[in-house]
Structure formats: C-alpha cells, structure tokens
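Now for the letters of each chain:
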Amino acid sequence: MAYAVETRDLTRVFAGKKRRFRRKRAASEGDEQLGPVTALDRVSIQIREGELFGLLGPNGAGKTTLIKILATLLLPTSGQAFVAGHDVTKDPFPIRQRINMVSGGETSGYGLLTTRENVWMFSQFYGVPSKVAKQRIDELMHVFGLWDKRDAKVRLISSGQRQKMNMIRGFVTDPDILFLDEPTLGLDVNAARTVRDYVMNWVGRERGKTVLLTTHYMAEADEMCDRIAIIDKGKILACDTPEALKRMIHTQTTFRLEVDPLRDTSTFQGMDGVVNFSLKDDASKNRTELTFILEDEAPVAEILSAITAQGAKVHALRKTEPTLEDVFISMVGRGFE
Amino acid sequence: MNEVSARRSDLAFRIALNLRSIRGRAYPRIIGANREPSWIFFEAVLPLLTIAAYVFIYRAIAANQIVNANAETAARILANTNALVASVVLGGAMVAFWLNVLWSMASQLYWEKEIGNLQLYMMAPMNRMALLGGMAIGGVFMTSVRAISTLVAGVLVFGVVFQVADPLMLLAVFFVTLVALYGLGMFFASLYLLWGREAWNVSALLEEPIFFSSGFYFPLGGLFNYGGWGSVVGIVGSIIPAGLGLDALRQLTLGQTAFGGKFWVLSAPVELEILLVLAIGFLVLARYALAYLELLAKREGKLTSRHQ
Amino acid sequence: MSTYWRTFKTAAWLGWEMDSNWTEPWLFLIYSIIKPVAGAFILVFMYVVIWSINGIADPQSFAFLYVGNAFFIFVGSTLFGTFQVIQSDREWYQTLRYVYISPISYYVYILGRAFSKILVSIFGVLITLGFGFFFLHVDMRFTPDRIPLFIVSLALGLFVLLAIGITLGAATFLMARHSQTLAEAVPGVFYVFCGVLFPLTILPSWGQSIGTAIPLTYWFEITRRILLPFQYNTGLAAFGDWEILAFLLISTFVFFGLSLGVFRLGEYLARKAGKLDMTTSY
Ligand SMILES: Nc1ncnc2c1ncn2[C@@H]1O[C@H](COP(=O)(O)OP(=O)(O)OP(=O)(O)O)[C@@H](O)[C@H]1O
Ligand SMILES: [Mg+2]
C-alpha cells in the first residue's frame, strides 16, 4: 500500500543569505551573513494513511521546512518526497488537490472580508462548489466556536479567532492529508481542546484521512499522535509510538529536582551514570528545575552533594515516570521550553 | 487509493476549478467597492483635480492665443481646445486603470507574500493564471466603476462633447486595451516577486514617466511629431498599452479630423491590431514568467518567507 | 530643547534611510529626479502640442507654468512626506506604536522626517529649473539683488507648507483608510486653486475665492515675481511684496498653532478609538 507521505533521504539546504545592500553598513549587519543552513538532513519517514503523525523538535529543527516541501511550496535540495503517492517535485497538481495546511499564527485572507467570505474564497481555489462550501463552513463555524463571528470582518477579530478561521480554512476543502504546523498556537485552553478533539476525531472517523502535526507541547503530541518523529537540527533521531519512545528510556530513571539557582552545572556533565540532564529556570520562585536521566539511582547522592557544595539548597526531589520530554532530553541533552 | 481520496482531474473539473478560482479571487475586489463606498467616491473624484489642472492650462494658453486672432483662427483655436480638453478627460479616466495595474496588479503578489497569503495560493490546485485573472477581473470591475464616474463627472463639469461614429470599434479598442494593460500587470506581478521593497519604488517610478510617454494628457502624436528622441519616447510609451489605446479612443470619440488630423500615431484599426498582439504577448509572457518565478522561489525558499 | 533637536536629527536621518535604503544612493538620486522631471515634461508637451496645433507661441504662459510646477515639487513632497510618515509607520512597518509610546515627541519626529523629504526635493526643484533654463530656454532671470527676498520667501513658504502638512497629518489619525486619499487630494486642491500652473483669473469666481484664501497662492505669486522677467496678469497685483511676506509669516504661526491643537485632538481621539495600530490589509 502506498504511504500517505513518504520521504527518502530528503535534504534541504538554504543558501547563505546574500547581503541585501552593497552599501557599507554597521558591522552587526555584515555579520548576519549566514553560511548555508541544512534545515533537513537525509530525512526518511513514512506516514501511513489514516495516521496522526507528530513531528517534535525544538525551534529551527526543520519541522516547518519539511511541511513546506510536502505542501509543494519548497523544493528539496536532494532526496525525494511523495505525498499521496505523487512526487512533490514532478507532480504537484494531484497533491495540491488532496492537501491543505494550517500554520499557527498565520495571517490569511483579506481584512475587508468577513471570516465566512474568507474561508469561502479559499475553498474556491480548490474547486469546492459554493453550496457545499457554505454548508461545510457553517458546520465548522459551529464546531470551532466562530459562529457568532461569521459576519465579522477579519481585520476586527482577535488573533485566536483568526486561528480558528484558519483551522476552518484547512478543513473546508476536505483534504485527505492535512498539515498542521503548531495549530494550537495562541488558542486558549478550551479552544485548543476543541481543536485537538476535532483533529483526533477527524482522523479516526473516516478511513484514509491523514494528519501531519508539529507542536511544541509535549503533552499534546503524546495525547494526539499515533506515531512521533523526534527531529533536531534537520535529523530524525527517533520515530515510533509515544509509548515505545517512552519505553526506550524505561530502563533509565528520571529525577526532577527543584533547587536554588546554580552557578555551575558543568560538574554533572561527565558524571558516571548520568545519561543526560536539562535545567529550566523558574524566575518567579527564583528556583531552577533540574531533570536528570540516569542509568540507575546510584548517581543521585553524588548529584546532591555537588549541589550542596555550591551552597544551593535542594527544595524538592522526585522520581518520575518518563515523559516525551524526557525522551527528548535523553537524546539531545536539551530541554524544550 | 480508496473511495474517499479519489479526486477528479478531468478537463471539465479543471475548467470549473479555475473558473471558481477566478471568481473567488475577484470577489474581495468587487465586494471592496461596495464596502468602502466613501473611499470609492474619493477615488473617482480625486482624478478630477488633476484633470481640472490640465484643462485650465489648455484654456489659459488658448485664451492668450485667441487675444490677437481673427474670427476664423479664434474658432479653430476654440475647437482645438475643446478636443484637447476632451483628450485630457479621457486620459484622466484611463489613468485609473494604469494606477490600478501598478498598485493592485504589479505589486500585488509581492504584497500577498508580505501578508502571508501567497503560500496559501501557491499550495492550492488552481492554475496560477486563474489567480492573476481573478485579480485582474476584480481590478477591472473596481476601476471601471471609478473611471466611468470620473469620465461622467469630467464630461459634465468641463462640458466635453464626444461624437462616437463607431461604437463597436470603440468597445473593441477599450476592451483589448484593458486586456493588454492587465496582461502587462500580470507580467509585472511575476517580476515583482523577485524584488523586495524596491517593488513599491518601481511602481512609483512608473507613474509620471508613463503619464508622459504614453500621452495621458496630450495626444501622443505630439511626441512623434517632435522627431528624434520624441519618437523614441513615444515608441516606449506605446508599449504600455494605454498609449496606443488612448490614441485610438481619442480618434474614435473626437473624429479623425480633430487637431487637423496631424496628431495621431496610426489609424485606429491598425492600433487595435497592435493592441491585440500586445495583449496576447503580455498574457503569454505573464504565464511563463510566473511559472519560472514560482520555480525559482520554490528553489530558493522565497515563496513563503516573510520579511526576507 | 536639546532632546527635541536630537529627536529631529534622528528622525531626519531615519527618514533618509527609510526612503533611500532600498538601493544605492546614486540610484535613489536618479529616482528622486526622474519623477519630477517627467512630471515637468508632461506640461512641456502640453504646451508644445497646443502651440503647434494652433500655430501660436506663448512663451510667457509657458514660463509661468514651468516655474510654478517646479516649485510645486516642494508642496507634493512636504505634504506627502508628513502624511506618509504616519501612514507607512502604521501600515508597513507597524512601528508606529513603538515610536509613539517612546518618550520622544512624535510631533518633532514628524517634523524631522518631513525635513529629509524637503532636502531631497530641493534636488528635484533645482534640476527641473536648471533643465528648463538651459535646455528649454524658459524665460527666467535671477539677479543677485533678489537673493535675500528669495531666501526669505522660500523659507516662509516651506514653513507654511510644513505647518499645513502637520495639521493635515494629524487628521490622518482620524481616518486610517483615507489618509492616502487625503495625501493626494490636498496637493491636488492646491495644484488647481493656488495659481500654480495658470493665473487664478482663468478659474470661475468661486474658485478664485478659494485660491485667494490659501496662503500658498501668495507664495507662488511672489516666487514668480522674483524669477520671471515679465509682468503676468494674475489678479494679485494689488498685493505688495512685503504684504505677501507678512501674510506668509502670519499663516505660518496660525497653522503651526492649529496643527498643535489638531494633533493633540487627533492623538487623543485615535487612542480612544483604538486606531493607533490599526492595519487595513485586504
Ligand atoms: N526561507 C529560508 N531561508 C533561509 N533559511 C531558512 C528559511 N526557512 C527556514 N530556514 C532555516 O532552516 C532551519 C529550519 O527552520 P524551520 O522553520 O523548518 O524550523 P522549525 O522546526 O519549524 O522551527 P520552529 O519550531 O521555530 O517553528 C532554521 O535554521 C531556519 O533558520
Ligand atoms: Mg516552524
């Protein structure tokens, strides 16, 4: 069976920025001249039809780049990508018929039109008959709680409402494959919940509807996705179900410590039995949260004494079940937020 | 492929798809005209100020010329002045189309990129020419409302008299001129994708110089009669379809014999033929330029990046 | 005072950078010159055409409109400059809110930005006049004894322009969408009613009344008295040079005062209506 999405050694390199002005400029702008960036590095993934597939990775990992290539907006530098069995480079038309994309924080349409008109306009670009489109729009407006803003001009609605409109724009063309790039960005808790439920239901409801989702919220990925690929610096580090990913580090132990801010964390680096660690500052409490992935519990004593040696107090110590974030820390050695 | 994902891609579907796309993209422009009526009022009346300024120049000079003239010369001067005033009013109405082409066609794709719409358009299955076509049709509608108001107001305020002997020909010239103009706009739209903020300046730069070289406010033949560099400027100005179009429109509304018949570039039928060639040429150019630039942008990652 | 001066200088520099940084300076200069010169050429050919059609030359009318048009470059760029500052900051750069909430006086900021426009337009005016004098043999004269009068009238004219520009610029706070229209309408009105291209006497009498009520009319009148070697019946002969200068000076003060008031009001109303950082893309 054909995959909904398949990439083979997909690589995308962005050329270094050319200097826009030949005039002499402040040194800082000259420094901005970046070398080429490898946004995707031999990425090979397969997404099955009907799957809700997650892409998890820090800023600049290459998630959006991958989605743009799959959405036929960007060409690969090398390697291949297939969507619905068609090559994105050679055969974009049948792909475009079957996909749609929604990105968090995007602005789409015209401020002069109402939300309903805007979505209708985009549906026309997919050849959806007006009657069908209007019916779908009304349904979706109810679902996403935008019904009372249906006749509001887009320039007058809030950014969260705009994001709901974008979601509706994504579903109104009834795509087979939907790319969601941080779809819950800027949505309040209830709205985000609605979006998650709707997406999960949509994928499950009909056979053959596929979603590729990127997000920064671990819990969201954990809850929603059938499978997740962890991506960092353009490379896929792991790809499996959330459970399997967590099992991968099951033999390891996760500890969370809440301590006074530390001056020096380099001592943890080479410690025996420390797989990886991350730290997150909580400015409001003037504390630091440390997460350790350990081979076993042996190094805990050494860690504690290293902390107290710096004159810092340990306020809390917990052994926790591994989360997706821990999987990520274990692989990359960096936290997320 | 299961049932759900089976999609039509036959010719009938594609035609329907692209017609819907054209309508979809034209919609915001057409509706825009209704939604901001006060704005349209201003835009229709504003050109009257420029027209008035130019009309009074002709009248002021003619008033001086007439002072020492005999009755026969005076009558000739009056007739010529009326024809000149009519030329200005026609040109002033056509300016709306040129400005629309510059500001709402040429710079539009660039602008769409800035506000984030372009990637959504480029991701859709419609033909790219349908997108440009929708923009153009919406623009023509919006601008026609404005240009006609300007024309009517100009005729009323300045007492212009037109004599149309061949309305069909007039309509044909007008229509072909618009197609050629907006074809040029589509071509520019693709080119502008290459540029960044320069786009704005390029459009600004194509105002006065084109008003001049396409003879918006005087018969274009004046440039050609001047010989030498005048003809060169005139030829450049004729490439902008408004130049020849206006010349033909003036011949068809003022009569061949106006200005002693010595200030026309070519005869109206010949101009219509050239305009037809221009129209087709620009549309074809636009089609290939856009395809090429889309490819280029997809390769360089410029289709989507906002604020470079 | 020194903060104001710094703000002014910074804004003038910023204006220059924003206008010119899209290209190299020499390209920008050419660009700044081509538009006004092409504008002048429209008029030149209108004259050439009516001259050759009717077979009667009228060099005085030609000099009249050529000089008027050249000086009108100041009007266009100053008025457009002040409008555009508010408009482009709001729509394009979306930085207006940052500029506005910073403690520097926005008023001085606008003055500074407009100033850089005036500097650039000086090139346009000089090139247009020079071109007319040397290549088109426009009948102009410039004797040294007139220099002081010329400088005073030019300075006063520009002050009046700035003051009018800011008064109207303040109004753009109130009409987000229409400011572009306003930016074109106001210079358009001046173009028609201030005796720029033709004497006021050619206008219908209500038009003449409008013209005589606008200070710029007198600026164009005195400028032409200085630069043209002949008398041209403009219907304003009754006003002496000093009367005109005094009138310009008073107008400057009146409009600056007015602009401060309108500006305060506009700012207040805009904040109340939430229009300060409104964008209108469509
Ligand atoms: N058009 C472009 N031109 C040059 N470099 C680009 C372009 N688009 C992306 N990049 C670079 O490619 C890398 C990957 O970017 P991408 O947007 O795919 O990251 P991401 O995973 O979506 O990050 P985020 O979580 O912040 O959205 C980054 O280093 C980015 O700077
Ligand atoms: Mg991203």
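Structure first, text after, so check above.
No experiment lies behind these values; they were computed from the predicted model shown. (Residues numbered from 1 in each chain as written. Chains lettered and ligands numbered in written order. Predicted model: local features only at pLDDT ≥ 70, side-chain atom pairs only at ≥ 80, totals over all residues. Heavy atoms only, no water.)

A.B. asks: Outline the overall build of chain B, listing residues and values.
C.D. replies: Helices and strands together make up the secondary structure of chain B, namely 13 helices and 0 strands. When the elements of chain B are put in sequence order from the N terminus, they spell out α-α-α-α-α-α-α-α-α-α-α-α-α. Along the longest, intermediate and shortest principal axes, the C-alpha atoms of chain B span 90 × 40 × 35 Å. Within the span of chain B, comprising 308 residues, buried residues form 59% of the whole. The contacts in chain B between residues at least 6 apart in sequence include a share of 81% that link residues at least 24 apart. Accessible surface for chain B amounts to roughly 11,900 Å². Of this, 69% is attributable to carbon and sulfur atoms. (Helix = DSSP H or I, 4+ residues; strand = E, 2+ residues; numbered from the N terminus. Buried < 20%, exposed > 50% of the residue type's maximum accessible area, 1.4 Å probe, protein only. Contact = heavy atoms within 4.5 Å. Areas by Shrake-Rupley, 256 points an atom, 1.4 Å probe, with all protein chains shown as cover.)

A.B. asks: Mind laying out the overall build of chain C, listing which residues take part and the relevant values?
C.D. replies: Scanning chain C from terminus to terminus reveals 10 helices and 0 strands. Along chain C, from the amino end to the carboxyl end, the secondary structure elements read α-α-α-α-α-α-α-α-α-α. Of all intrachain contacts in chain C linking residues separated by at least 6 positions in sequence, the fraction that spans at least 24 positions is 79%. When the accessible surface of chain C is totalled, it reaches about 11,900 Å², and 72% of it is carbon and sulfur.

A.B. asks: Outline the site of ligand 1, listing residues and values.
C.D. replies: In the vicinity of ligand 1 there are 14 residues, among which A:Gly60, A:Gly62, A:Lys63, A:Thr64 and A:Thr65 approach most closely. Near ligand 1, the surrounding residues belong to chains A and B. Between ligand 1 and A:Gly62, the relevant distance is 2.9 Å, taken from an oxygen atom to a main-chain nitrogen or oxygen of the residue. In the complex, the protein chains occlude 66% of the 640 Å² of accessible area that ligand 1 would expose alone. (Near = heavy atom within 4 Å. Polar contact = N/O pair within 3.5 Å; in protein donor to acceptor, adjacent residues only side chain to side chain.)

A.B. asks: Account for the sheet that holds strand β13 (residues 274-282) of chain A, naming residues and giving values.
C.D. replies: All names here are of chain A. With antiparallel pairing, 4 strands are arranged side by side in an open sheet as β13-β14-β12-β15. Of all the strands in the sheet, the pair left with one neighbour each is β13 and β15 (314-320). Averaged over all pairs of adjacent strands, the angle between their axes in this sheet comes to 15°, without regard to strand direction. Packing against the sheet, helix α11 (residues 324-332) makes contact with β12 (253-259), β13 and β14 (287-294), and its axis sits at approximately 120° to β13. (Pairing = 2+ DSSP bridges. Axes fitted to C-alpha atoms, helices over the stretch in contact; angles between N-to-C directions.)

A.B. asks: Provide a residue-level description of the pairing of β12(A), including the pertinent values.
C.D. replies: All names here are of chain A. In terms of burial, β12 is largely enclosed, as 7 of its 7 residues are buried. Side chains Thr 253, Phe 255, Leu 257 and Val 259 of β12 all project onto a buried face; the interleaved residues Thr 254, Arg 256 and Glu 258 project onto the opposite face, where all are buried too. Sheet topology note: the β12/β14 ladder contains 7 bridges and is antiparallel. Across the sheet, Glu 258 pairs through a bridge with Glu 289, a residue of β14. Both β12 and β15 contribute to a ladder of 6 bridges, which runs antiparallel. Note that in β15 the partner of Thr 254 across the bridge is Thr 320.

A.B. asks: Help me get a handle on the sheet that holds strand β9 (residues 210-215) of chain A, residues and values and all.
C.D. replies: All names here are of chain A. Taking strand neighbours across the sheet as the criterion, the 6 strands line up as β7-β8-β9-β4-β10-β11 in an open arrangement whose pairing is mixed. In this open sheet, the two edge strands, each paired with only one partner strand, are β7 (99-103) and β11 (235-240). Recorded for the sheet is a direction-independent mean angle of 15° between the axes of neighbouring strands. The pairing of β7 with strand β8 (residues 177-181) spans 5 bridges and is classified as parallel. Residue pairing in the sheet places Ser 103 in a bridge with Asp 181 of β8.

A.B. asks: How would you explain the interface of chain A and chain B if you had to name every residue and give the values?
C.D. replies: Taken together, the contacts link 48 residues of chain A with 47 residues of chain B. In this assembly, chain A packs against chain B so that about 4,200 Å² is buried in total across both faces, 55% of it on carbon and sulfur atoms. Connecting chain A to chain B are 1 salt bridge. Of all elements in the fold, only β1 (5-14), α3 (92-98), β7 and α4 (115-124) of chain A reach the threshold of two or more residues within the side of chain A that touches chain B. The dominant element in the side of chain A that touches chain B, judged by the number of residues it contributes, is α4(A), at 5 residues. Across the side of chain A that touches chain B, the residue classes tally to 20 nonpolar, 12 polar and 16 charged. (Buried area = accessible area lost by both parts, 1.4 Å probe. Salt bridge = Lys/Arg side-chain N within 4 Å of Asp/Glu carboxyl O. Nonpolar A, V, L, I, M, F, W, Y, C, P; charged D, E, K, R; others polar.)

A.B. asks: Explain the side chain of A:Ser123 to me, using residue names and the numbers behind them.
C.D. replies: All names here are of chain A. Among the secondary structure elements, Ser 123 is positioned in helix α4. A polar side-chain atom of Ser 123 sits 3.3 Å from a polar atom in the side chain of Gln 124. Excluding residues within four positions of it along the chain, Ser 123 makes contact with Val 128, Ala 133, Val 172 and Thr 173.

A.B. asks: With reference to specific residues and values, describe the nonpolar core.
C.D. replies: A:Phe179, B:Trp98, B:Phe216, C:Phe71, C:Phe190, C:Leu216 and C:Trp219 are the most contacted members of the largest nonpolar core, which totals 257 residues. Sort the elements by how many residues they give to this core and helix α3 (residues 71-106) of chain B lands first, with 18 residues. Once residues within four sequence positions are removed from consideration, A:Phe179 is found in contact with A:Val5, A:Ile67, A:Leu70, A:Ala71, A:Ile99, A:Asn100, A:Met101, A:Val102 and A:Leu212. Judged by nonpolar contacts, the second largest core, of 16 residues, contains A:Phe277, A:Leu294, A:Val300 and A:Ala306. (Core = buried A, V, L, I, M, F, W, Y, C linked by side-chain atoms within 4.5 Å.)

A.B. asks: Lay out helix α6 (residues 128-158) of chain B in plain terms, naming residues and giving numbers.
C.D. replies: Residues and elements named next belong to chain B. Here α6 contains 31 residues, and its C-alpha end-to-end distance of 43 Å stays within 8% of the 45 Å for a straight helix at 1.5 Å per residue. Capping of α6 at its N-terminal end is provided by Asn 127; its side-chain oxygen lies 2.7 Å from the backbone amide nitrogen of Met 129. Trailing α6 by a residue or two, Gly 159 shows a phi angle of about 60°, which is positive. (Expected span 1.5 Å × (residues − 1).)

A.B. asks: Please set out the environment of A:Gly145 residue by residue, giving values where relevant.
C.D. replies: Inspection of the secondary structure assignment puts A:Gly145 in the loop between α5 (130-143) and α6 (159-172). Between the C-alpha atom of A:Gly145 and that of A:Lys164, which follows or precedes it by 19 residues, the distance is 8.0 Å.

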